[in-house]
Amino acid sequence: MLTQLNAPRVVVRPKGDEPVSVPWAERVTAAGVEVVTSPTADGWTWTVHADSPVRLAAVGIEWDAGPAGDDPRIFVNGYQSWSPLGWRRIGVDHDPSRAGALDFLRNVHHADPAVFAPHELRSEMAGVLDLGSGRPRRLVGFVGGSRHDGTVRVRREGDRVVVRAEAFLGHARLDPGAPRTLHPVTIADGDDAESLLAAWATRVGAAEGARTTAPFTVGWCSWYHWFDHIDEPALRDNLARAGDWPFDVFQLDDGYQAAIGDWTILRDTFSSSLDGIADAIRATGTTAGLWLAPFLAAPDSEYARIHPDHFAHAEDGDPLYAMFNPIWGGFVWGLDPTNPATAASLTDLGRTVRDAGYDYVKLDFTFSPNVPGVYADPTRTPAERVRAGYDAFRAGFGDDGFVLGCGAPLGAAVGAVDAMRIGPDVAPSWEIQDRSSTPAGYEFGSPATRHALEATRARQFMHRRFWVNDPDCVMLRTTDTDLTPEQSRTWARAVGDSGGMVVVSDDLALLGPEHRTLLDEVITTGRAADGATVAAIGTD
């Protein structure tokens, strides 16, 4: 396939230097980097080498994809759970990085936080081109994501469309004698984007050892009624009511911990220990679940006081700010999973949580090791840093524990998680509630039930191919909400149609027989849809 592309070129982007572009050949050298490609029937495999240490931002192959047609478009897959996605118009729409948001937002939502050129678009892992004029749609995708991120870049030049498949290494150091094998690139044509994405996802899942066999799960979560104000009386009241509901998992979300990073120290609104809460949940015959943001810690946390050397650093030597959340008091620091001591602490955390009785965890805000900074191992790519964090936690938590990823770089997490949030947070509203604080360009990542619905439909192809999809919680209640009953039903039925996880996040005291009827309908539909997906994958 590579030899059939029109005017292919190799583009090398060293750190801090302008890209160097040379005509493609199976072996080329540019900017001190040797790129060796081997054409395959549907794309290529490739490696990069260096004779002296090189900090490498990215290496790609770009080509002329042909005439633009009347309305050229690309399906864009966002970088992490909450990132913008959907169809975009080539030559008309802009990448969200151009909207003027803070650097911090670009770090959250993109593998490469650089501001893109006007009208240049990007899709992470894979993109589907629709150039019209009777031509089939074309998928360009990376077969994997654990070694590095893969970005499909597209721009219009006159009446032509130019595509680049770029392996993003995030300024990782390439050392002599240590060639780096990049993820293969595949190109496939077809009439239906969903079918192209599903076939590609099946192949990626096989390459990355995707964990796709977890049972269909129904659960309860504390977040969307109490948010960070959950306390033990409210938790136990709902636990007492949960026996009348068909929950497999009962999960405590954000708000129990004394500080971000201090996961075993509870707030004074909890009189029981972490173990005691798990014991109470397990006594009902339900799996105990716990929320964590394991790659972050607050500056005033006990963790930061005891382990000041566990963090990534900014260029000035200060600990790296990796997330901002006003409910946590502002900015928090990012751990460095490439530091052996930090990795050991993540393994200890996984073991501690499992020993406390939690067989199910939700790991949130796990994009943070992607944030540019100074890390202990400069040869690791951002994707490898994220994966190192997951792998360290899993080493302690156990291979048979259930890990739900959230706010996670999707490519790096395939094979690391059992389930994945595949869209933004829902909310007790259909649209964004407060647009005054919504970041320009990244509105889609703000909590809104409509956003979750769009993502659930767009990323359906990932279910049981990468992991079990988590669309986010159904919103059953009809009080303490701005959702209309019809909007609640629309969202609940979309969750059922997806076949993904079904999680309730209401105060059960507010729910009556009509809400239980709707939930039962969603579960019945979801089990059937999940089974149909499993059967279909068996015939891929």
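Here, the structure is the one placed above.
Parameters and conventions
- Residues numbered from 1 in each chain as written.
- Predicted model: local features only at pLDDT ≥ 70, side-chain atom pairs only at ≥ 80, totals over all residues.
- Heavy atoms only, no water.
- Pairing = 2+ DSSP bridges.
- Helix = DSSP H or I, 4+ residues; strand = E, 2+ residues; numbered from the N terminus.
- Axes fitted to C-alpha atoms, helices over the stretch in contact; angles between N-to-C directions.
- Buried < 20%, exposed > 50% of the residue type's maximum accessible area, 1.4 Å probe, protein only.
- Right-handed = clockwise from strand over helix to strand, strands pointing away.
- Expected span 1.5 Å × (residues − 1).
- Contact = heavy atoms within 4.5 Å.
- Polar contact = N/O pair within 3.5 Å; in protein donor to acceptor, adjacent residues only side chain to side chain.
- Parallel < 35°, antiparallel > 145°, perpendicular 65-115°, else oblique.
- Left-handed = near helix turned anticlockwise from the far one by under 90°.
- Nonpolar A, V, L, I, M, F, W, Y, C, P; charged D, E, K, R; others polar.
- Patch = residues over 30% accessible without salt bridge, like charges linked within 9 Å, V, L, I, M, F, W, Y side chains within 5 Å.
- Areas by Shrake-Rupley, 256 points an atom, 1.4 Å probe, with all protein chains shown as cover.
- Salt bridge = Lys/Arg side-chain N within 4 Å of Asp/Glu carboxyl O.

(A) The sheet that holds strand E12 (residues 149-157), seen in detail. The strand order E2-E1-E6-E13-E12-E9 describes an open sheet built from 6 strands, whose pairing is antiparallel. Since the sheet does not close on itself, it has two edges, and those belong to strand E2 (20-23) and strand E9 (121-124), each with one partner. The mean angle between the axes of side-by-side strands here comes to 25°, regardless of whether they run parallel or antiparallel. Looking at chain direction, strand E1 (residues 6-14) and strand E6 (residues 54-67) are connected through 7 bridges and run antiparallel. Bridge pairing links Val11 to Gly60 in E6.

(B) Summary view of the pairing of strand E22 (residues 402-405). Along E22, one buried face is formed by Phe402 and Leu404 and the opposite face, lined by Val403 and Gly405, is buried too. For strand E21 (residues 360-363) and E22, the ladder comprises 4 bridges, and the chain directions are parallel. Within E22, the position partnered with Leu363 by the bridge is Gly405. Each parallel crossover has a hand, and for E21 linked through helix H8 (residues 382-397) to E22 it is right-handed.

(C) Region of the structure containing helix H12 (residues 513-537). End to end, H12 covers 36 Å across 25 residues, agreeing with the expected 36 Å (1.5 Å per residue, within 8%). Buried within H12 we find His515, Leu518, Leu519, Val522, Ile523, Gly526, Ala529, Asp530, Thr533 and Ile537. Structurally, H12 contributes buried residues whose contacts are with strand E15 (218-221), helix H11 (485-498) and strand E25 (502-504).

(D) View of helix H7 (residues 340-355). For H7, built from 16 residues, the straight-helix expectation of 22 Å at 1.5 Å per residue is met to within 8% by its first-to-last C-alpha distance of 22 Å. In the core, the buried residues of H7 are packed alongside strand E17 (287-292), helix H6 (302-306), E21 and H8. At the N-terminal boundary of H7, the capping side chain belongs to Asn339, with an oxygen 2.9 Å from the backbone nitrogen of Ala341. In the stretch just after H7, Gly357 is the one whose phi turns positive, near 115°.

(E) Looking closely at the packing of helix H10 (residues 449-458) against H11. One can describe the packing of H10 onto H11 by two numbers: an axis separation of 10 Å at closest approach and a directional angle of 20°. Judged by the angle between their axes, H10 and H11 are roughly parallel. Two packed elements cross with a definite hand, and for H10 against H11 that hand is left-handed. In this structure, H10 uses Thr449, Ala452, Leu453 and Thr456 to contact H11, whose residues at the interface are Thr490, Trp491, Ala494 and Ser498. Each residue belonging to the contact of H10 with H11 can be placed in one class, and the counts come to 4 nonpolar, 4 polar and no charged.

(F) Inspection of a nonpolar patch on the surface at higher detail. Taken together, the side chains of Tyr321, Phe324 and Phe331 define a hydrophobic patch exposed on the protein surface, amounting to about 310 Å² of accessible area. Examined against the element boundaries, Tyr321 turns out to sit in strand E19 (residues 321-325). Under the relative-accessibility criterion, Tyr321 is labelled partly exposed at 48%.

(G) Highlighting the pairing of E19. Here E19 runs beside strand E20 (residues 330-334); their pairing, made up of 4 bridges, is antiparallel. Paired with Tyr321 across the strands is Trp333, a residue of E20. Linking two consecutive strands that pair antiparallel, namely E19 and E20, is a turn of 4 residues; a positive phi of about 95° is found at Gly329 within it.

(H) Just the environment of Pro513, in detail. Tracing the sequence through the fold places Pro513 in helix H12. Looking at Pro513, the relative accessible area reads 65%, which means it is exposed.

(I) The arrangement of the sheet that holds E20 in detail. In space, the 3 strands of this open sheet follow the order E18-E20-E19, with antiparallel pairing throughout. Bordering the open sheet on either side are strand E18 (296-297) and E19, each of which pairs with just one other strand. Note: E18 against E20, 2 bridges, orientation antiparallel. The residue of E20 that forms the bridge with Ala297 is Trp333.

(J) Region of the structure containing the pattern of salt bridges. Using the criterion set out here, one finds 42 salt bridges in the structure. Between Asp425 and Arg421 there is a salt bridge, with the nearest N and O atoms lying 2.6 Å from each other. For the pair Asp425 and Arg421, a shared accessibility class is recorded, and that class is buried. Note that Arg489 is salt-bridged to Glu486, the shortest N-O span being 2.9 Å. One end of the pair, Arg489, and the other, Glu486, are both in helix H11, 3 residues apart, so they sit about a helical turn from each other.

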